[in-house]
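Survey of secondary and tertiary structure
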Amino acid sequence: MAKQTAKNTKSIEETLWDSANKLRGTVESSEYKHVVLALIFLKFTSDKFEERRQELVAEGKDKYLEMPEFYNMKNVFFLAEESRWSYIIANAKQNDISLKIDTALHTVEKNNASLKGALPDNYFSRLNMDVSKLAALLDTINNIDTLKDKQQDIVGRVYEYFLSKFALAEGKGKGEFYTPKSIVNLIAEMIEPYKGVIYDPACGSGGMFVQSMKFIQSHHGNTKDISIYGQEYTNTTYKLAKMNLAIRGISANLGAVAADTFAKDQHPDLKADFIMANPPFNQKDWRASDELTDDPRWKGYDLPPTSNANYAWILNMASKLSENGVAGFILANGALSGGGEEYKIRKKLIENGVVEAVVILPRSMFYTTDISVTLWILNNNKTERVVKHPDETRNYRNRKDEILFMDLREIGEPFEKKFTQFSEDHIKEIAGTYHTWQQKNSNYKDIPEYCYSATLENVKSKDYSLVPSKYIEFVNRDENIDFDDKMKSLQAEFTELLKAEESSKKDLMNVFKELGYGIKL
């Protein structure tokens with residue numbers, strides 16, 4: 001039964017994607033995700049509103065039908081008449097439908113304080129879209145019953161599917177609002193954000209937060225034990241994040257406006273228990289040479305260079321970790337061995353015992369770049385202690401002077417033909433290795449080409465390089481190859497290939513011969 005539901009949902013997603021694609025030509029590809037996601041948001045909030053309205057009627061509370069408080073108390077947004085989906089659909093084929101959608105979004109935002117700054121402002125009117133194509137898209141979205149199966153989180157899945165597809169469609173240099181789901185899942189399973197404050201300094205569309213909530217739910221935790229803080233620089237992505245979280249009922253503090261995390265830190269006094277992030281890779285000129293020189297986030301470390309923001313992101317996160325805080329974030333591989341100020345900061349981080357794990361990911365995991373990237377884990381408390389989670393107890397050992405290196409470049413499965421992702425089994429195995437290494441009385445072992453537990457002395461001897469291949473044992477498979485056996489194997493393979501080629505050649509010549517156009521060689 002469950003499989004049947006999933007299949008139907010996929011069909012909805014694909015149908016929607018096809019419908020969205022019809023907007024190509026009338027709307028720039030970088031724009032139409034905002035069109036589609038805003039409409040899905042409107043449909044979902046309207047369905048929730050109508051459901052709550054029917055509840056009030058059934059309870060004999062008709063006199064409260066127009067009072068927002070009776071909707072807000074159930075985490076439902078109150079919608080004025082002109083904001084309701086039924087009103088939009090009734091006017092779908094009118095020439096001023098774009099204006100009506102803008103009015104609907106504006107009114108929803110005005111009447112619900114938590115959505116302030118989240119929804120597109122006069123967006124549809126400015127795009128000058130073809131009315132018939134917009135009406136067709138509205139019709140497709142109208143066929144989605146967003147409340148049909150609440151266990152399946154249909155809207156959340158559609159939203160995630162679209163964010164992923166838009167990131168894929170926009171390709172290199174764009175799609176920076178989205179971190180591939182399997183990477184986010186891996187980070188969540190490794191740092192285990194069960195309880196406390198979660199922060200993402202470059203939150204994109206909010207995927208890290210969504211996955212944190214899913215992690216808690218799947219591990220029998222309580223989502224009310226979590227507070228979410230984030231920041232996003234790009235205004236349209238900031239709105240995407242607010243919509244993405246609102247549609248899933250997740251409350252978060254993303255700051256009053258979209259803003260640069262370095263120039264205008266929206267959470268200067270925050271101490272986070274968990275940080276999950278995928279900041280921009282190798283960001284240049286992130287500050288002028290005379291700016292942010294005495295920023296408290298760099299206290300105790302050298303000033304991050306203006307030429308690359310990688311270590312500014314690291315120090316921003318390190319400075320915001322609570323006493324027991326853990327951070328999992330993605331950076332370009334260059335940060336593992338950079339010189340100059342980067343070397344000095346990295347050396348200090350290692351000597352301070354903050355770096356817990358360095359994990360090389362496979363290539364082609366990101367839609368926006370094919371460069372190889374690294375998952376860093378920072379941990380402010382690597383001492384021996386016992387931590388009880390709802391479904392797990394961790395008996396951590398003292399690993400203050402150790403770093404776990406992992407190489408995942410040979411792990412993964414194909415995704416969308418040219419990309420790689422981790423399966424659930426991969427994530428379980430990788431996170432399992434990491435947690436086994438962290439704990440007392442475990443059966444952790446270094447495994448060639450996969451993982452290695454390095455001591456501080458090991459790392460010093462490599463001049464504080466964090467490149468995993470300097471530590472993880474490499475297996476030279478060529479060393480034990482029998483030349484004669486290998487050549488015989490190749491001989492057999494090529495014999496079969498050449499026979500097959502000869503057979504195909506004969507078949508092709510026979511076909512031409514039967515047609516009366518024999519080929520002479």
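Being a predicted model, the structure only gives us computed values, none of them experimental. (Residues numbered from 1 in each chain as written. Predicted model: local features only at pLDDT ≥ 70, side-chain atom pairs only at ≥ 80, totals over all residues. Heavy atoms only, no water.)

**Quick look at the overall build of the protein**
On a plain count of helices and strands, the protein comes out with 16 helices and twelve strands. Each principal axis of the C-alpha distribution contributes one length, and for the protein these read about 85 × 85 × 50 Å. Residues classed as buried in the protein amount to 50% of the 521 residues present. Roughly 26,000 Å² of accessible area belongs to the protein as shown, and the carbon and sulfur atoms make up 48% of that amount. Here the protein contributes 69 positively and 76 negatively charged side chains, and the mean placements of these two sets differ by 2 Å. (Helix = DSSP H or I, 4+ residues; strand = E, 2+ residues; numbered from the N terminus. Buried < 20%, exposed > 50% of the residue type's maximum accessible area, 1.4 Å probe, protein only. Areas by Shrake-Rupley, 256 points an atom, 1.4 Å probe, with all protein chains shown as cover. Lys, Arg positive; Asp, Glu negative; His and termini not counted. Charge placed at Lys NZ, Arg CZ, Asp CG, Glu CD.)

**Some words on the sheet that holds strand β3 (residues 272-277)**
Across the sheet, which stays open at both edges, the eight strands sit in the order β2-β1-β3-β4-β6-β5-β9-β12 with mixed pairing between neighbours. Strands at the two margins of the open sheet, each flanked by one partner only, are β2 (226-230) and β12 (451-455). Neighbour to neighbour, the strand axes of the sheet diverge by 15 degrees on average, direction disregarded. Where helix α12 (residues 310-319) meets the sheet, it contacts β1 (196-200), β3, β4 (321-332) and β6 (373-379), and its direction lies at approximately 160 degrees from that of β4. Its contacts with the sheet put helix α14 (residues 424-438) on β5 (355-360), β6, β9 (402-407) and β12, and the angle it makes with β9 is roughly 160 degrees. (Pairing = 2+ DSSP bridges. Axes fitted to C-alpha atoms, helices over the stretch in contact; angles between N-to-C directions. Contact = heavy atoms within 4.5 Å.)

**Quick word on the packing of aromatic side chains**
Summed over the entire model, instances satisfying the criterion amount to 15 aromatic pairs. Between the aromatic rings of F49 and Y71, the centroid separation amounts to 4.8 Å while the plane-to-plane angle is 20 degrees, which identifies the pairing as stacked. A residue pair is termed long-range when its members are at least 10 positions apart, and F49 in helix α2 (residues 29-58) and Y71 in helix α3 (residues 69-72) qualify at 22 residues. Between F262 and W286, the ring centres sit 4.8 Å apart and the planes meet at 55 degrees, which makes this aromatic pair tilted. Of this pair, F262 sits in the loop between α11 (235-247) and β3 while W286 sits in the loop between β3 and α12, and the two are 24 residues apart along the sequence. W286 shares its class with F262; the two are buried. The side chain of K348 reaches across the aromatic face of Y301, ending 5.8 Å from its centre. The ring of W437 is capped by R397, whose NZ or CZ atom sits 5.2 Å from the centre of that ring. (Phe/Tyr/Trp six-rings, centres within 6.5 Å; stacked < 30°, edge-to-face > 60°. Lys NZ or Arg CZ within 6 Å of the ring centre and 35° of its normal.)

**Quick notes on the packing of helix α9 (residues 181-191) against helix α10 (residues 207-218)**
At a minimum axis distance of 9 Å, the contact between α9 and α10 shows a crossing angle of 55 degrees. The orientation of α9 relative to α10 falls into the category oblique. Crossing of α9 against α10: the hand is right-handed. Only G207, M208, Q211 and F215 of α10 make contact with α9, whose side of the interface consists of K181, V184, N185, I187, A188 and E189. Residue classes in the contact of α9 with α10 are distributed as five nonpolar, three polar and two charged. (Parallel < 35°, antiparallel > 145°, perpendicular 65-115°, else oblique. Left-handed = near helix turned anticlockwise from the far one by under 90°. Nonpolar A, V, L, I, M, F, W, Y, C, P; charged D, E, K, R; others polar.)

**Regarding unusual backbone geometry**
It is generally the case that most residues other than glycine have a negative phi and that most peptide bonds are trans. If you check the backbone angles, N122 has positive phi at about 50 degrees while not being a glycine. Tracing the sequence through the fold places N122 in the loop between α5 (97-111) and α6 (123-127). Taking the relative accessible area as the measure of exposure, N122 reaches 45% and is therefore partly exposed. With a phi angle near 55 degrees, N128 is a residue other than glycine that sits in the positive phi range. Position of N128 among the secondary structure elements: in the loop between α6 and α7 (131-142).

**Details of the pairing of β3**
Most of β3 is tucked away: five of the six residues are buried. One ladder, built from two bridges, connects β1 with β3; its direction is parallel. Bridge pairing in β3 links I198 to F274. Sheet topology note: the β3/β4 ladder contains five bridges and is parallel. Pairing of I275 across the sheet is with A327, part of β4. As for the winding sense of the linkage, the β-α-β connection from β3 through α12 to β4 is right-handed. (Right-handed = clockwise from strand over helix to strand, strands pointing away.)

**Let's talk about the nonpolar core**
Nonpolar side chains tend toward joint burial in soluble globular proteins. Counting residues in each nonpolar core, the largest one holds 58 residues, and the members touching the most others are V35, L39, F41, I101, F124, L138 and F162. Take this core: its biggest share by element is twelve residues, from α2. Taken together, domain 1 (12-170) and domain 2 (184-470) each give at least three residues to this core, which thus spans both. If we skip the residues at most four places from it in the chain, I101 touches L39, I88, F124, L134 and L138. (Core = buried A, V, L, I, M, F, W, Y, C linked by side-chain atoms within 4.5 Å. Domains from an automatic or database assignment.)

**What about the pattern of salt bridges?**
Where charged atoms from two side chains of opposite charge come close, those side chains can pair. Per the stated rule, a full pass over the model turns up 19 salt bridges. A salt bridge links D47 to K43, with the nearest nitrogen and oxygen atoms 2.7 Å apart. Separated by four residues within a single helix, D47 and K43 lie in helix α2, roughly one turn from each other. Owing to a relative accessible area of 16%, D47 belongs among the buried residues under this scheme. The exposure class assigned to K43 is buried, which follows from its relative accessible area of 4%. Sharing partners across several salt bridges, the network here consists of R53, E66, E81 and R84. (Salt bridge = Lys/Arg side-chain N within 4 Å of Asp/Glu carboxyl O.)

**Side note on the confidence of the model for the protein**
Taken residue by residue, the protein gives an average pLDDT of 87. The fraction at 70 or more is 91%. Segment residues 1-10 is flagged for pLDDT under 50; beyond a separation of four residues in sequence, or across chains, it makes five contacts in the model. (pLDDT = per-residue confidence, 0-100.)

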